[in-house]
Amino acid sequence: MTLRASKTGGLFFNANAEVESSIHDVDLSVADKATLEGLIAASGLGQNASIVSPTRPGSGDMRTYRVAVEDGSHSADMSFDDLESNPAKKALFDFVKQHAR
Amino acid sequence: MFPLIGQGHKKYYRKRYSLPDTYSYIITIDMCTQQRNPIYCIIPPHLLRHLAQSEDPKLRELALRTLSVDATVRLARATTSSDSVPANLQALAAGTAPAPKRSIYDNQHQASLVRNLVRTEGQPPVADQAVNQAFDGLGATFDFYWTIFRRNSIDNAGLPMDAYVHFQTGYDNAFWDGHEMVFGDGNGIIFTEFTGALDVIGHELTHGVTGNEANLKYLGQSGALNESISDVFGSMIKQYALKQTTATADWLIGKGILAKDINGVALRSMKAPGTAYDDPKLGGKDPQPANMANYLQTTQDNGGVHINSGIPNLAFYLVAAALGGNSWDEAGVIWYDTIRDKSLTSTATFSDFGRLTWKNAGHRYGSTSPQAQAVKDAWNQVGVVF
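1. Here's the deal with the overall build of chain A
Line of reasoning, step 1. Looking only at helices and strands, chain A features two helices and five strands.
Line of reasoning, step 2. Going from N to C terminus, chain A has its helices and strands arranged as β-β-α-β-β-β-α.
Line of reasoning, step 3. The C-alpha atoms of chain A give 14 Å as radius of gyration, which agrees with the globular expectation for 101 residues (13 Å, within 12%).
Line of reasoning, step 4. Taking the principal axes of the C-alpha coordinates as reference, chain A spans close to 40 × 30 × 25 Å.
Line of reasoning, step 5. For chain A, the proportion of its 101 residues judged to be buried stands at 35%.
Line of reasoning, step 6. When contacts within chain A are restricted to residue pairs at least 6 apart in sequence, those whose partners lie at least 24 apart make up 64%.

Written as structure tokens, this is what we have:
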């Protein structure tokens, strides 16, 4: 299973911040893999092919976060913004960023 | 003697008029404002207020527009959108300026918004600097829009201004979510507190103004225009508060919020796009282009909205510099007319926007005026043709 995470937006463009990060679950420890699976389930990503949070009309400079997962023939992705109400989504994003090589 | 309701920065004339035909007289006043050195006109405010409540929408609009050019404001422009008329009429009829309705919330570093009210109107400063900076910044923005453009808050109908400070922990951003402002504290590595820059506060609130007017789509060229408009008005708000002219202003966006170890002066430079910073922590050199020849096609940053905004930013600077004085005197008026122009579509390109600024400069000052020529020259200089 491969996960990719990226973000875009904000008050100004920072090329470093927009670089995509990726992880493979086979590279993770047993404990980290369990955490990852828990976050995928809590975020809803495992049950859906695509999760796109509603856009906020008239907003400006909010960040958009994206996480995509590929597992054999199954793929799914989600995007959300800074005010996402499900904390598991941001936690999954942060997990991928922190564990990316 | 009738009070003077319009004044110019070059010269003006006092005149007494008889009013045999009020309707045509108002039209005449409106036309006066389109001259380089207009003969500024006189009419009793009570009559204008009366006319501003007319059932005739054309007469009402003309009266409101004339009222906007009052003794304390140069080249101000009254609002014309139908949904905003009542709030402005109330204030104008009462002879008082509307007041901001600010509320600042301490988000206590939470990731979702927490309505922990820490300061509102009539309350003294608190110990938290970010709270006071946000409160003052919202006030300065409200004051600018009302004084210069007779715009009553973000929606031109007295919208309360809410802001949240201390969003998340070390959050490196500030944004407008469509209803309210949210400020991070920065992580101290790249940014410090975002409330520390008045132009950033003005920038974010102007996203609200744009959302209420042109609603420019936040993608590609229309998104870059959306960003540029926020920079333009954010910069003018700072210049107005600091009493800076086009010559003395620094034309930087976000000066003072970069951490001390960053090699840079600000987030962006309107006067010299591409020169604000050069630091590996920020991904290298400021990527903003100054000309269409260097327009960046990218999938990042919503199609480069914070990158290609350098082009219309420079166009505005060039217009303001050519006309001199204060940026809001003429250049700002032309831009404000344009974002309120019903011809401006949500998917406008740089060329569309440039053409409308030229049209509005011609409408206000005359098609062969120095102002219209300055607009045309500026867009031509940044490689935008129309």
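2. Some points on the overall build of chain B
Line of reasoning, step 1. The secondary structure content of chain B amounts to twelve helices and nine strands.
Line of reasoning, step 2. A buried classification covers 53% of the 386 residues belonging to chain B.
Line of reasoning, step 3. Taking the intrachain contacts of chain B between residues at least 6 apart in sequence as the baseline, contacts between residues at least 24 apart amount to 60%.

3. A few points about the interface of chain B and chain A
Line of reasoning, step 1. Opposite the 30 residues of chain B that make contact, chain A presents 23 residues.
Line of reasoning, step 2. Looking at the side of chain B that touches chain A, the elements that each hand over two or more residues are β4 (174-176), α6 (198-212), α7 (220-242) and α8 (301-304) of chain B.
Line of reasoning, step 3. Among the elements that take part in the side of chain B that touches chain A, α6 of chain B stands out by supplying five residues, more than any other.
Line of reasoning, step 4. A breakdown of the residues in the side of chain B that touches chain A according to their chemical character gives eleven nonpolar, 14 polar and five charged.

4. Details of unusual backbone geometry
Line of reasoning, step 1. Of note, Asp61 of chain A is a non-glycine position whose phi angle comes to about 70°, a positive value.
Line of reasoning, step 2. Mapped onto the secondary structure, Asp61 of chain A falls in the loop between β3 (50-52) and β4 (63-71).
Line of reasoning, step 3. Unusually for a residue other than glycine, Asp301 of chain B sits at a positive phi of about 55°.
Line of reasoning, step 4. Inspection of the secondary structure assignment puts Asp301 of chain B in helix α8.

5. Concerning the sheet that holds β4 of chain B
Residue and element names in this part refer to chain B.
Line of reasoning, step 1. Across the sheet, five strands lie side by side as β2-β1-β3-β5-β4; this open sheet has mixed pairing. Edge positions in the sheet fall to β2 (117-120) and β4, since each has one partner strand and no second. For this sheet, the mean inter-axis angle between neighbouring strands, taken without regard to orientation, is 20°.
Line of reasoning, step 2. Along the sheet face, α6 touches β4 and β5 (181-183) and points at about 25° away from the line of β4.

6. A look at the sheet that holds strand β5 (residues 74-81) of chain A
Residues and elements named next belong to chain A.
Line of reasoning, step 1. Pairing is mixed in the open sheet, where five strands are placed in the order β2-β1-β4-β5-β3. Since the sheet does not close on itself, it has two edges, and those belong to β2 (21-24) and β3, each with one partner. Taken over all neighbouring pairs, the strand axes of this sheet differ in orientation by 10° on average, direction set aside.
Line of reasoning, step 2. Where β3 and β5 come together, three bridges link them in parallel fashion. Bridged to Ser50 within β5 is Asp77.

7. Things to note about the packing of helix α1 (residues 30-43) of chain A against helix α2 (residues 87-99) of chain A
Residues and elements named next belong to chain A.
Line of reasoning, step 1. For the pair α1 and α2, the least separation of the axes is 8 Å and the interaxial angle reads 145°. Handedness of the crossing formed by α1 with α2: left-handed. When α1 is examined against α2, the residues Asp32, Thr35, Leu36, Leu39, Ile40, Ala42 and Ser43 are found in contact with a partner set consisting of Ala88, Lys89, Ala91, Leu92, Phe95 and His99.
Line of reasoning, step 2. Across the contact of α1 with α2, the residue classes tally to eight nonpolar, three polar and two charged.

8. Quick notes on the nonpolar core
Line of reasoning, step 1. Grouped together as the largest cluster of nonpolar side chains are 98 residues, with contacts concentrated most on Ala134, Ala163, Phe183, Ala315, Phe316, Val319 and Val375 of chain B.
Line of reasoning, step 2. Of the residues forming this core, the biggest block, twelve residues, is contributed by helix α5 (residues 129-149) of chain B.
Line of reasoning, step 3. Composition of this core by domain shows at least three residues from each of domain 2 (102-212) and domain 3 (220-381) of chain B.
Line of reasoning, step 4. Not counting chain neighbours up to four residues away, the residues in contact with Ala134 of chain B comprise Ile104, Ala163, Val165, Phe183, Thr195 and Ile201 of chain B.
Line of reasoning, step 5. Counting 16 residues, the second-largest nonpolar core is a separate cluster that includes Ile40, Leu45, Val69 and Met78 of chain A.

9. Here's the deal with helix α12 (residues 370-381) of chain B
Residue and element names in this part refer to chain B.
Line of reasoning, step 1. When the terminal C-alpha atoms of α12 are compared, their 16 Å separation across twelve residues agrees well with the 16 Å that a helix rising 1.5 Å per residue should span.
Line of reasoning, step 2. Lining the buried residues of α12 we find α9 (310-323), α10 (331-339) and α11 (350-365).
Line of reasoning, step 3. Just downstream of α12, Gly383 is the residue with a positive phi angle, here 85°.

10. Observations regarding the confidence of the model for chain B
All names here are of chain B.
Line of reasoning, step 1. Predicted confidence across chain B gives a mean pLDDT of 83, with 75% of residues reaching 70 or more.
Line of reasoning, step 2. Low pLDDT (under 50) marks residues 1-51, which in the prediction has 80 contacts with non-local residues, meaning those over four places away or in another chain.
Line of reasoning, step 3. Low confidence marks residues 65-85, where pLDDT is under 50. Its contacts with residues over four positions away, or in another chain, come to 58 contacts.

Thresholds, definitions, all that
Residues numbered from 1 in each chain as written. Chains lettered and ligands numbered in written order. Predicted model: local features only at pLDDT ≥ 70, side-chain atom pairs only at ≥ 80, totals over all residues. Helix = DSSP H or I, 4+ residues; strand = E, 2+ residues; numbered from the N terminus. Rg over C-alpha atoms; globule rule 2.2 N^0.38 Å. Buried ≥ 20, exposed ≤ 12 C-beta atoms within 10 Å, placed from the backbone. Contact = placed C-beta atoms within 7 Å. Nonpolar A, V, L, I, M, F, W, Y, C, P; charged D, E, K, R; others polar. Pairing = 2+ DSSP bridges. Axes fitted to C-alpha atoms, helices over the stretch in contact; angles between N-to-C directions. Left-handed = near helix turned anticlockwise from the far one by under 90°. Core = buried A, V, L, I, M, F, W, Y, C linked by C-beta atoms within 7 Å. Domains from an automatic or database assignment. Expected span 1.5 Å × (residues − 1). pLDDT = per-residue confidence, 0-100.

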